[in-house]
Amino acid sequence: MDAGPPTILIYPADDTAFRDHVERLLARGGCTPAALEEVLRHDYPAAAVHVSQVPELGMTWYVYRDGHWVGPSAR
């Protein structure tokens, strides 16, 4: 059974440059969480990608610019 694509959550949510960069990388396809993290770290050294599998929600990738959750406009 195919669970479909993962849900991608990007933090901080209001950093449009970071969000656009992540979305461009994902649009290329074939990206694993580890590969995404590695490429992101070229421009964002603290970037981290964590994966969560919750039966009700499916696969979720949490993409953090600063390696952890940061609220809006905190740079």
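Residues numbered from 1 in each chain as written. Predicted model: local features only at pLDDT ≥ 70, side-chain atom pairs only at ≥ 80, totals over all residues. Heavy atoms only, no water.

(A) A look at the overall build of the chain. In terms of helices and strands, the chain carries two helices and three strands. The secondary structure elements of the chain, listed N-terminal to C-terminal, are β-α-α-β-β. For the chain, the C-alpha radius of gyration of 12 Å lies close to 11 Å, the compact-globule estimate for 75 residues. With the C-alpha coordinates of the chain rotated into their principal frame, the extents come out at 40 × 25 × 15 Å. Residues counted as buried form 28% of the 75 residues belonging to the chain. Expressed as a percentage of contacts within the chain between residues at least 6 apart in sequence, the contacts between residues at least 24 apart total 39%. On the chain, the mean spot of the 6 positive side-chain charges and the mean spot of the 10 negative ones are 6 Å from each other. (Helix = DSSP H or I, 4+ residues; strand = E, 2+ residues; numbered from the N terminus. Rg over C-alpha atoms; globule rule 2.2 N^0.38 Å. Buried < 20%, exposed > 50% of the residue type's maximum accessible area, 1.4 Å probe, protein only. Contact = heavy atoms within 4.5 Å. Lys, Arg positive; Asp, Glu negative; His and termini not counted. Charge placed at Lys NZ, Arg CZ, Asp CG, Glu CD.)

(B) Up close: the packing of aromatic side chains. Applying the stated criterion to the full structure yields three aromatic pairs. Ring geometry for Tyr11 versus Tyr64: centroids 5.7 Å apart, planes at 20 degrees, classification stacked. Taken as a pair, Tyr11 in strand β1 (residues 7-11) and Tyr64 in strand β3 (residues 58-64) lie far apart in primary sequence, 53 residues in all. Note on Phe18 and Tyr44: the rings are 4.8 Å apart at their centroids and 75 degrees apart in plane angle, and the pair reads as edge-to-face. (Phe/Tyr/Trp six-rings, centres within 6.5 Å; stacked < 30°, edge-to-face > 60°.)

(C) Quick peek at helix α1 (residues 16-27). When the terminal C-alpha atoms of α1 are compared, their 16 Å separation across 12 residues agrees well with the 16 Å that a helix rising 1.5 Å per residue should span. Among the residues of α1, those classed as buried are Phe18, His21, Val22 and Leu25. Around the axis of α1, the buried residues are gathered within 95 degrees of arc, so they sit on the same side. Of the exposed residues in α1, those oriented more than 90 degrees away from the buried face are Thr16, Arg24 and Ala27. Where the residues of α1 are buried, they touch β1, α2 (33-40) and β3. Structurally, the start of α1 carries an N-cap: the backbone nitrogen of Ala17 is 3.3 Å from a side-chain oxygen of Asp15. Positive phi shows up at Gly29, right after α1, with a value of about 80 degrees. (Expected span 1.5 Å × (residues − 1). Arc of directions from axis to C-beta. Polar contact = N/O pair within 3.5 Å; in protein donor to acceptor, adjacent residues only side chain to side chain.)

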